[in-house]
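# Understanding the architecture of this molecule
Each chain is listed here by its residues.
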Amino acid sequence: MSEIKRYKNYKQRSKRPPPEYSTRPYDGKTVRWEWKYEGELGIYPKDWARRFPHLAERGRWVITEVK
């Protein structure tokens, strides 16, 4: 039986990229963009991500806040 090495300081990293900020040139407002998975957006049911693993990775950038 093979041994599995476990690291004490191992931290699982999120595949979700951090939010990004940009400024709109026509009104100068700051826009916050976040990565949302399509299951979170309700494009398809969340249980499909369990049945079809390639759907779990699909997502898009969405504007979540305008200041």
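Scroll up a little and you will see the structure.
Description of the structure in this document. Quantities reported herein were computed from a predicted structural model and do not represent experimental measurements. (Residues numbered from 1 in each chain as written. Predicted model: local features only at pLDDT ≥ 70, side-chain atom pairs only at ≥ 80, totals over all residues. Heavy atoms only, no water.)

### Notes on the sheet that holds strand 3 (residues 59–66)
To keep things clear, this is the line we draw: One requirement defines pairing of two strands: DSSP has to find at least two bridges between them. Secondary structure elements follow DSSP: runs of H or I no shorter than four residues count as helices, runs of E no shorter than two count as strands, and numbering proceeds from the N terminus. Throughout, an axis means a line fitted to C-alpha atoms (over the contacting stretch in the case of helices), and angles, computed between N-to-C directions, take values from 0 to 180 degrees.
Spatially, three strands are ordered 1-2-3 in an open sheet, and the strand pairing comes out antiparallel. With one partner strand each, in any of the chains shown, strand 1 (20–23) and strand 3 form the two edges of the open sheet. Strand-to-strand, the axes of this sheet are offset by a mean angle of 35 degrees, without reference to chain direction. Strand direction decides the pairing type here: strand 1 and strand 2 (residues 30–37), joined by four bridges, are antiparallel. In the sheet register, Ser22 faces strand 2, and the bridge partner there is Val31.

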